[in-house]
Amino acid sequence: MAVRLAEVDPLDAGPRPTGLAELDRVLGGGLVPGSVTLLGGEPGVGKSTLLLQLLRARALSGEPVLLVCAEESARQVRLRAERLGPLPPALHVLADTDLTSVFGALSDTGARLVVVDSVQAVRDPATTGAAGSPAQVRACAELMVSLAKGAGVPVVLVGHVTKEGALAGPRLLEHAVDTVLSVEGDRHHTLRTVRAVKHRFGPTGELGLFEMGESGLEAVFDPHRLLLGDRRPNQPGSSVLAALEGRRVLLVEVQALVAGRPCGANGPRRQVQGLDSGRVALVLAAAEHPLTVALSDRDVFASVVGGVRVVEPAADLALVLALLSASRQRPVPSDVIAFGEVGLGGEVRQATGARRRLEEAARLGFRRAVVPSGCCPGPAGMRLIRVGALDELARLLGDEGMARRAGAAGAGARPKPAGTIGPWRSA
Ligand code: TYD
Ligand code: MG
């Protein structure tokens, strides 16, 4: 029966804090009762650890919670959980791959939060197919949606994702659940990021930051210690990007390496980490001519240091600086940051949140910023270097590529003394 929308009972339950502040930041306050959340990420990134911490935090407040572990034995889970701290009595575990047994366990324990680790390892006996098959994953997701809605408890499902995000499961799962969170990180770094890819109850885009330590994941309050701590001043091929992730500004190091010689017959290699490879390809194509540096026939490596991933187009300008610096083997001074989008014509476009980026960079001691020409004024103590198009950047940085070519042609151009790139020194 159709009803008046205005007469529909709004869900009385808003988000409830999880006890993990960084997770609440991503979720816009916490988990909504009756909602289903999928937590995806590559194996070993820390999904099980994060969810055990979530369960512990709830259980410590005396609320019964239930972990369905289908990948590990209860004993293994206990060993891991003990690394995180004392075990609260309200934390229950059900080691079973038959998902229908959750309904019984839920009424036995009175759990107010259910975690299923993982959705690829459980089965619905009423559906054919092996655990993890698309039919099973869909059936299990539907079971959990009905359990969440019926009992009014939040359910969190773990979903494994391969490097390519290829697994059939999580893709089709995304439609069935209310929220999709993604845990990312580089196994060689301790930083882990959590972001919402889909969220029915709030905005996506907020970033949660954790550091994997001896006793689980800890909230990170000073990410720049991890992101910029190892940065070497006077290293060519490195620049600092002021990235905007949700409401948080992250200063990250962008590195580029450009091969000194043209590539072989197989074409140039492009190796990208932490950046969007499509944008890197675009920037390489758009920058070659205005910067007068060879890029199209060179192997190029580009990365963001520290295990974070930055996909916003505002990363382009910092990448161009790193590429230019790498090609000319001249460092970008260590007090310079950059942000701005590069268009196909080599024009530099505005980025959102410019003021916040500049303020955070100034707070961290940066003094100069390469920005789009229409950028807002910077805070006190921050000098803006406004760039409308990439050829201005090349001119600004001293047109040494041209000078060298003129020198080779016998025009008598004197090579500039080694140092940082062109006019930086006059600043
Ligand atoms: P895990 O949560 O098992 O990852 P996932 O469920 O995503 O596969 O995390 C695995 C890694 O985390 C493993 O390499 C061990 C490490 N770890 C720590 O460094 N400290 C800890 O306190 C815990 C519990 C795990
Ligand atoms: Mg796991």
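Note: the structure precedes this text.
Residues numbered from 1 in each chain as written. Chains lettered and ligands numbered in written order. Predicted model: local features only at pLDDT ≥ 70, side-chain atom pairs only at ≥ 80, totals over all residues. Heavy atoms only, no water.

Give a description of the sheet that holds strand 12 (residues 270-273) that names residues and reports values.
Within the open sheet, the 7 strands sit side by side as 12-13-11-10-14-17-18. Their pairing is mixed. The open sheet has two edge strands with one neighbour each: strand 12 and strand 18 (383-387). Strand after strand, the sheet turns through a mean of 25 degrees between neighbouring axes, direction not considered. Taken together, the 5 bridges between strand 17 (residues 368-372) and strand 18 define a ladder with parallel strand orientation. Its bridge partner lying in strand 18, Arg-368 is registered against Arg-383. Of the strands in this sheet, strand 10 (238-245), strand 11 (248-258), strand 13 (300-304), strand 14 (336-338) and strand 17 touch helix 9 (residues 316-328), which is tilted by about 30 degrees from strand 11. The sheet strands contacting helix 10 (residues 354-363) are strand 10, strand 11, strand 14, strand 17 and strand 18, and the helix crosses strand 11 at an angle near 80 degrees. (Pairing = 2+ DSSP bridges. Helix = DSSP H or I, 4+ residues; strand = E, 2+ residues; numbered from the N terminus. Axes fitted to C-alpha atoms, helices over the stretch in contact; angles between N-to-C directions. Contact = heavy atoms within 4.5 Å.)

Residue-level account of the site of ligand 1, with values.
Residues in contact with ligand 1 amount to 15 residues; listed here are only the nearest, Gly-44, Ser-48, Thr-49, Gly-213 and Gly-216. Here an oxygen atom of ligand 1 and a side-chain polar atom of Thr-49 are 2.6 Å apart. Listed by contribution, the elements that provide at least two residues to the shell around ligand 1 are helix 2 (47-60), helix 3 (74-84) and strand 8 (207-213). Sorting elements by how many residues they give to the shell around ligand 1 places helix 2 first, with 3 residues. When its residues are assigned to classes, the shell around ligand 1 shows 3 nonpolar, 7 polar and 5 charged. (Near = heavy atom within 4 Å. Polar contact = N/O pair within 3.5 Å; in protein donor to acceptor, adjacent residues only side chain to side chain. Nonpolar A, V, L, I, M, F, W, Y, C, P; charged D, E, K, R; others polar.)

How would you sum up helix 8 (residues 277-291)? Please name residues and give values.
Along an α-helix, residues three or four apart share an orientation, since each turn contains 3.6 residues. A rise of 1.5 Å per residue sets the reference length of helix 8, with its 15 residues, at 21 Å; its end C-alpha atoms lie 20 Å apart and thus fit the reference within 8%. Every buried residue of helix 8 is listed here: Arg-279, Val-280, Val-283, Leu-284, Ala-286, Ala-287, Pro-290 and Leu-291. (Expected span 1.5 Å × (residues − 1). Buried < 20%, exposed > 50% of the residue type's maximum accessible area, 1.4 Å probe, protein only.)

I'd love a proper account of the packing of aromatic side chains, names of residues and values included.
According to the stated counting rule, one finds 0 aromatic pairs in the structure shown. One residue, Arg-357, lies across the ring of Phe-339, its end atom 5.2 Å from the ring centre. (Phe/Tyr/Trp six-rings, centres within 6.5 Å; stacked < 30°, edge-to-face > 60°. Lys NZ or Arg CZ within 6 Å of the ring centre and 35° of its normal.)

How would you summarise the packing of helix 4 (residues 101-109) against helix 5 (residues 134-151) if you had to cite specific residues and measurements?
Direction vectors running N to C along helix 4 and helix 5 enclose 25 degrees, while the axes themselves pass 11 Å from each other. The orientation of helix 4 relative to helix 5 falls into the category roughly parallel. Considering how the two elements wind past one another, helix 4 and helix 5 form a crossing that is right-handed. Contacts from Val-102, Phe-103 and Leu-106 of helix 4 reach helix 5 at Leu-143, Met-144, Ser-146, Leu-147 and Ala-151. Class assignment for the residues of the contact of helix 4 with helix 5 results in 7 nonpolar, 1 polar and no charged. (Parallel < 35°, antiparallel > 145°, perpendicular 65-115°, else oblique. Left-handed = near helix turned anticlockwise from the far one by under 90°.)

Kindly report on unusual backbone geometry, identifying the contributing residues and their values.
Residue Ser-118 follows Asp-117 across a cis peptide bond; omega there is 5 degrees. Note on placement: Ser-118 falls in the loop between strand 4 (114-117) and helix 5. Here Thr-292, not a glycine, exhibits a phi torsion of approximately 50 degrees, which is positive.

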